[in-house]
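Residues per chain are reported as follows:
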Amino acid sequence: MRQDQAPRSSSTAALRRKPAPLPPKAEIRTTETQVHNVTLRDDYGWLRAINWKDVLREPDVLPADIRNYLEAENTYCKALMAPTRALQKELVKEMRGRIKEDDSSVPQPDGPFLYYSRYRKGAEHPLICRKPRSMAGKSGRAGEQIMLDADALAEDKDFFDLGDAEHSPDHRLLAWSADEAGSELHSIHVKDLDSGNDLPDLVKDTTGEIIWASDSRSFFYVALDDDHRPSRVKRHRLGTPAEADDLLHDEADAGMFVDIDKTQSGRFLLITIGDHETSETRILDLDRPEAKPVLVAEREPGRQYNLEHHGDVFVILTNADGAEDFKIVTVAVDAPDPANWRDLIAHKPGRLILDHVCLKGRLIRLEREDGLPRIVIRHLADGVESHIAFNEEAYGLGMDAGYEFETDTLRFIYASMARPAETYDYNLITGERTLLKRQEVPSGHDPASYKVRRIFATAPDGARVPISILHRADLALDGSAPCLLYGYGSYGSAMSASFRTRPLSLVDRGFVYAIAHVRGGTDKGWRWYLDGKRENKRNTFTDFIAAAGALTDAGFTTRGRIVAEGGSAGGMLMGAVANMAPELFAGIVAEVPFVDVLNTILDDTLPLTPPEWPEWGDPIRDVKAFETIRSYSPYDNVTAQNYPPILAMGGLTDPRVTYWEPAKWVARLRATMTGGGPILLHTNMEAGHAGSAGRFDSLKETALAYAFAIHTVGEGWDAAKGA
């Protein structure tokens, strides 16, 4: 649908006749603290429940005064968004129509079986399935075994999110995990696949990841401590109580998170301890599950490394020795000390190596250069390399090595902003690509109807900021189109220019959809990340503002027609640009926004705070870091000025960005701003950081955000200004 064909709400006249409801007014209960001889005043700190840790487990224990306030905000948001109710339903219907309801993943071979997941039509959650390998290439459900029915498990639960589902090496058991509150506290269960019965084994309060020992008699997991930090690696022996589980590693440094994985060869458990700058790995031979983990290389500040295994060597991706964009080294398994590391793939500035995997006889790496990804295959015997890449201006590319090590096939997934995802098997001998699946859009999708572009914005310091753009091919680029501009820019996360069905509901209404690849991500290499963190964090914000200006200058949109969107740390970006350039944006959507940055990073009792210091700085011990964070923290920099309409969205059981951050921010905005708005807060009272877990339930939250954006650049909020 072209922009001039966009439907207009029939409720507008009624909205203008009826006065807007009054927004909730948060009670002021001022507290003051002294930090580095500076008095910090917080009028809304009371919104943080004293028993917040209990709330993560039992949302019903939230204190009544806080619950009443959050529910009043939800009621107000619903009332102001009432004119868009029909539009929201229409958006949900559209977005659901682009989902293949009985979709299934491409089966992955492992020994005698093909493993995959699929959905029943109308189901929110998947089925975890397998069938005999002899059935490869045959359609239908013949031979299928449903190992786990997540939709049945979710029945009658307010929240359910399936975590991991790992079959045992002997293919007899399935260990699976689930979160039933949105707080990312996963319980692990084990199912006997022969009988279909659950074993009595139950392990609570884990991250959800599961790695089996080779003998299928035990598995490894990461336990969360009382502060919700993943800090302990344990081994659970089947048939024994969880209280008796063996402790393999207990991380004493609260600034480090612990994770587990295994090498593609299947031989080694990898215990990774790290923050955003430093990592350390301990290995355990999965053939000897009762052995003690062995340290590969002691943690060294600023050095990162991760392991793969091939024969008698480890193949290590690392930034050691100044390899800012990473290199790959090898070392003997029995002598892994860094003194023995030898370069295999030398460091090349500007070519960021993102990931690597070893299949028998080959090393495969995923890298990004000039903002675009490619896959490189190296034959270990002779060093000959070939690569997989595409010619579009902007695209996403990923690889899926599957379960097996001894294989001549690599699976990869390709998509562009206009072209649905395509799953290929790549023959490592012949170079032949076999298309296994093209993402179906049941309601119809013609890539030729859309245009993908990439332009660059010039930041204030001269940096060139990439912008990926999607719009209708028939859209008149005369500056009149509205634009949704998405940004993130933290933790080195790059924003892939891949296919997303949900934004099509905006694009088909005449929007330009754009992604600003701002500093703080690794879109242009590791330096791009370093130039957007700690003392350089302001670059993330000015890059985004520059991107909005570049879209205007190039005729894609115009000032005051741009709706900015970001979530989590991207929500912090939204709060910062709202303070810095409110006049530039028609509206702002901030999802689970990390906006109370200073208070959060000053509080080392919160789950994520100590590991966050390498990203933001340590304001407790470093006065300069304190001053830097204080200078941009969105909550602390709300000023008496006009603000654009803002929709903030939070989750009650979110352990990453706690619910009180958006709640406090909204309260301060309303109390301080001199005009503009409205300011809306929607808190999902039954979910956490990722929102609703069901694949259709989550569409309602997207529809709310998109309806807000459409209404903001269409009918507008004249009747609710200043609210």
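What this report covers is the structure whose coordinates are included nearby. Because the structure is predicted, anything quoted here is derived from the model rather than measured.

**Looking at the pattern of salt bridges**
Once their charged atoms are close, side chains differing in charge can pair, the charge on each being opposite to the other.
Point 1. Applying the stated criterion across every chain, the model contains 56 salt bridges.
Point 2. For the salt bridge of Arg 509 with Glu 94, the shortest nitrogen-to-oxygen distance reads 2.8 Å. You can see Arg 509 sitting in the loop between helix 6 (504-507) and strand 34 (512-516) and its partner Glu 94 sitting in helix 4 (residues 85-97), a full 415 residues away along the chain.
Point 3. Linking Arg 237 and Asp 246 is a salt bridge whose minimum nitrogen-to-oxygen distance equals 3.7 Å.
Point 4. We classify Asp 246 as partly exposed; its relative accessible area is 26%.
Point 5. Three or more residues are tied together by salt bridges with common partners; here these are Arg 351, Arg 365, Glu 367, Arg 374, Arg 378 and Glu 385.

**A word on the packing of aromatic side chains**
Point 1. Per the stated rule, a full pass over the model turns up 21 aromatic pairs.
Point 2. Ring centres of Phe 708 and Trp 717 lie 5.7 Å apart, and the angle between their planes is 35°; this geometry places the pair in the tilted category.
Point 3. Through pairs of rings, three or more aromatic residues link up here, namely Phe 390, Tyr 395, Phe 412, Tyr 414 and Tyr 424.
Point 4. The lysine or arginine in question, Arg 519, covers the ring of Trp 528, its NZ or CZ lying 5.5 Å from the ring centre.

**Describing the nonpolar core**
Point 1. The biggest cluster of nonpolar side chains holds 129 residues, and the ones touching the most others in it are Leu 70, Leu 485, Phe 544 and Phe 585.
Point 2. Top element by residues in this core is helix 14 (residues 697-713). It accounts for ten residues.
Point 3. The residues contacting Leu 485, other than those within four sequence positions of it, are Ala 514, Ile 515, Ala 516, Phe 544, Ala 547, Ala 548, Leu 551, Ile 562, Val 563, Ala 564 and Glu 565.
Point 4. Membership of the second largest hydrophobic core comes to 17 residues, among which are Ile 375, Ile 377, Leu 397 and Tyr 424.

**Digging into the side chain of Arg 235**
Point 1. Examined against the element boundaries, Arg 235 turns out to sit in strand 13 (residues 230-237).
Point 2. The exposure class assigned to Arg 235 is buried, which follows from its relative accessible area of 4%.
Point 3. A distance of 2.7 Å separates polar atoms of two side chains, one belonging to Arg 235 and the other to Asp 246.
Point 4. One polar contact links the side chain of Arg 235 to the main-chain carbonyl oxygen of Pro 289, over a distance of 3.3 Å.
Point 5. Ignoring any residue separated from it by four or fewer positions in sequence, one finds Arg 235 in contact with Ser 218, Phe 219, Phe 220, Asp 245, Asp 246, Leu 248, Pro 289 and Glu 290.

Each value, and the rule that gives it
Residues numbered from 1 in each chain as written. Predicted model: local features only at pLDDT ≥ 70, side-chain atom pairs only at ≥ 80, totals over all residues. Heavy atoms only, no water. Salt bridge = Lys/Arg side-chain N within 4 Å of Asp/Glu carboxyl O. Helix = DSSP H or I, 4+ residues; strand = E, 2+ residues; numbered from the N terminus. Buried < 20%, exposed > 50% of the residue type's maximum accessible area, 1.4 Å probe, protein only. Phe/Tyr/Trp six-rings, centres within 6.5 Å; stacked < 30°, edge-to-face > 60°. Lys NZ or Arg CZ within 6 Å of the ring centre and 35° of its normal. Core = buried A, V, L, I, M, F, W, Y, C linked by side-chain atoms within 4.5 Å. Contact = heavy atoms within 4.5 Å. Polar contact = N/O pair within 3.5 Å; in protein donor to acceptor, adjacent residues only side chain to side chain.

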